[in-house]
Amino acid sequence: MLSYDQYLKNFDKCVSSYIPPYNSWTPADEALYKPKDLYRIPIKDAEELQLKSLKFAFNYHYEKNKFYHDFCKEHKVEPNDIKNISDLSKIPLIPDGFYKDYPHGKDFATWLGNIYTGELPKIVIPHTMPNYDQVIDAFSKAGVIVTYSSGTGGRHTFIPRDIRTFHSSEYALAKCVVSMIYPFWEYDSGGYILMPNPRKNFIYAGKALEIYMDAVKNIQVAIDRHINTETIRITMGIGKGIRSKFIRFASKRVSKKMIKDIVSWLEHNKNSTEKISMIGAPFILYFVMKKIQDLGLTFDIGERGAVVTGGGWKIHEQIRMTSSSFRKIVKEVLGIPEKFCLDAYGMVEGNGWMVQCPEGHYLHVPYSYFKPLVLDDEFNQVAYGETGRFAFLDAIAMSYPGFITTGDKVKLLEHCPVCDRPGPVLDPEVERVKGAETRGCAEEMRSMMTRDIGR
Ligand SMILES: [Zn+2]
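Residues numbered from 1 in each chain as written. Predicted model: local features only at pLDDT ≥ 70, side-chain atom pairs only at ≥ 80, totals over all residues.

Colleague: Summarise the overall build of the protein; cite the residues concerned and give the values.
Modeller: Across its full length, the protein carries 14 helices and 14 strands. In the protein, buried positions account for 48% of the 455 residues. Counting only contacts in the protein whose residues sit at least 6 apart along the sequence, the fraction spanning at least 24 positions is 71%. (Helix = DSSP H or I, 4+ residues; strand = E, 2+ residues; numbered from the N terminus. Buried ≥ 20, exposed ≤ 12 C-beta atoms within 10 Å, placed from the backbone. Contact = placed C-beta atoms within 7 Å.)

Colleague: Run through the environment of Asp420, naming residues and quoting values.
Modeller: Note that Asp420 resides in the loop between β12 (403-413) and β13 (425-426). On the basis of neighbour count, Asp420 is assigned to the exposed category, with 9 C-beta atoms found within 10 Å. Along the primary structure Asp420 and Glu359 are separated by 61 residues, whereas in three dimensions their C-alpha atoms are 9.5 Å apart.

Colleague: Which residues make up helix α13 (residues 323-334), and what values go with them?
Modeller: Spanning 12 residues, α13 covers 16 Å between terminal C-alpha atoms, matching the ideal 16 Å at 1.5 Å per step. Every buried residue of α13 is accounted for by Phe326, Arg327, Val330, Val333 and Leu334. The buried residues of α13 occupy one face: seen down the axis, they fall within an arc of 145°. Opposite the buried face of α13, by more than 90 degrees, sit the exposed residues Ser325, Lys328 and Glu332. Looking at the packing, one finds that the buried side of α13 touches α12 (282-294), β6 (305-310) and β7 (341-345). One or two positions beyond α13, positive phi appears at Gly335, with a value near 75°. (Expected span 1.5 Å × (residues − 1). Arc of directions from axis to C-beta.)

Colleague: Can you lay out the pairing of β12 for me, pointing to particular residues and giving the numbers?
Modeller: For β12, the tally of buried residues reaches 8 of 11 residues, placing the bulk of the element in the interior. In this structure, strand β11 (residues 387-394) lies alongside β12, joined through 6 bridges in antiparallel fashion. Pairing of Leu393 across the sheet is with Phe403, part of β12. Pairing geometry for β12 and strand β14 (residues 431-432), over 2 bridges, is antiparallel. The residue of β14 that forms the bridge with Lys409 is Glu431. Pairing of β12 with β13, which is carried by 2 bridges, proceeds in the antiparallel orientation. Paired with Leu412 across the bridge in β13 is Leu426. (Pairing = 2+ DSSP bridges.)

Colleague: Please give an account of the packing of α12 against α13 that cites residues and values.
Modeller: At their nearest, the axes of α12 and α13 sit 10 Å apart, and the two run at 40° to each other. The angle between α12 and α13 falls in the class oblique. The interaxial crossing formed by α12 with α13 has left-handed handedness. Contact residues: Pro282, Met289, Ile292 and Gln293 in α12; Phe326, Ile329, Val333 and Leu334 in α13. Tallied by class, the residues present in the contact of α12 with α13 amount to 7 nonpolar, 1 polar and no charged. (Axes fitted to C-alpha atoms, helices over the stretch in contact; angles between N-to-C directions. Parallel < 35°, antiparallel > 145°, perpendicular 65-115°, else oblique. Left-handed = near helix turned anticlockwise from the far one by under 90°. Nonpolar A, V, L, I, M, F, W, Y, C, P; charged D, E, K, R; others polar.)

Colleague: So what's going on with the confidence of the model for the protein? Residues and values would help.
Modeller: Looking at the protein as a whole, the pLDDT averages 89, with 88% of positions reaching at least 70. In the predicted structure, residues 451-455 sits below a pLDDT of 50 and forms 10 contacts with residues beyond four places in sequence or in another chain. (pLDDT = per-residue confidence, 0-100.)

Colleague: If you had to explain α12 to someone new, which residues and values would you point to?
Modeller: Between its first and last C-alpha, α12 extends 18 Å over 13 residues, near the 18 Å set by a 1.5 Å rise per residue. Looking only at α12, the buried set comprises Pro282, Phe283, Ile284, Leu285, Tyr286, Phe287, Val288 and Met289. In the stretch just after α12, Gly296 is the one whose phi turns positive, near 75°.

Colleague: Account for the nonpolar core, naming residues and giving values.
Modeller: Counting residues in hydrophobic clusters, the biggest one holds 127 residues, and the most contacted among them are Val177, Leu194 and Ala222. Looking at which element gives the most residues to this core, the answer is helix α7 (residues 163-180), with 9 residues. Excluding residues within four positions of it along the chain, Leu194 makes contact with Ala222, Met278, Ile279, Gly280, Ala281, Ile284 and Leu285. (Core = buried A, V, L, I, M, F, W, Y, C linked by C-beta atoms within 7 Å.)

Below is the structure:
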């Protein structure tokens, strides 16, 4: 078996275009690119990297982002106040919902510009009354990737990332998965993206999988078309009229074909010797497995296969599945062992990816650049083991301040109860805080497609 060091070297070589040149590394890059395994850094070293990278990031946004600077002034916190690891919790957190509070038309572009840290490249918008997608395209042409995710209320969370931040985020996701799934990953293998094509779309969980297309040789994509913000609004039941009906009808047909295509791909690969992996929304694979069961089939892919899920666990309108019951179905129907069926938890506004360990399926935190916080109803930090609202300090967000309170409810433990990786973990079943709407990239896709395919 390949040593872990050699394994990671091969991986880094494969995705070298995502790694900035060494002589330009910031303390945040140091915390992300240097450690061989982000989940196995001794606590003392991880905290040192974390303090350095977060001090750097806080100072950077304080100096180069006017709205955040004013926000910090209001909270009477400045970079000099952050001296040691316990001071990090003084960094002012941007409330959940802020990145959702955007206007329409050209004001939307101005709003994105105000969030942006540092100098925004020149953005050319040819339309007088641009819609969201036209603004996103204009930013993309200037090298700023605006990704989004939304709640069922149809309100998106928009985040602008410069290429460097975007690459860091993708690299972080890929490295976290590759290290947890060791020794599974290899370039010469097959893969299926259970999400919209990252090269054609800006939905975050899908978009962040673009690196998968470079890290694995033969990639198939479940949804190979462009989906715009309007289609999502309509298919989630917000739009009205004939056009909405047509889009819903079209999405039903496309969904059925999508499931059929994935089943055929699995059929085709069942006797091959090549490794295969599937990454994306759990509900898509759930319907694929249901179809396989309906056909009276089972597969025995074994250790040749891996599944990585993300984006939320709502399968039907009323049913929330747990990642553990999902793993059992994957084992039963596809024959893929539970150690190679891992869930990843992340969000559009952050670049920290919590990936389950194969031993216990707890969500491990990449502690060198990402500090998780859990808050009570008064937004005070609670102790390890208590449930509360998830917030984080993210050092690799350079184009927007990544110090954010979320609407997710989590339990943070100081150490994994099962495996020996150092550093904190989240309990695997993440929920929404009461009153906060369901959201997530898989939820968006699910609402679009499962109106009919589940029946
Ligand atoms: Zn663990």
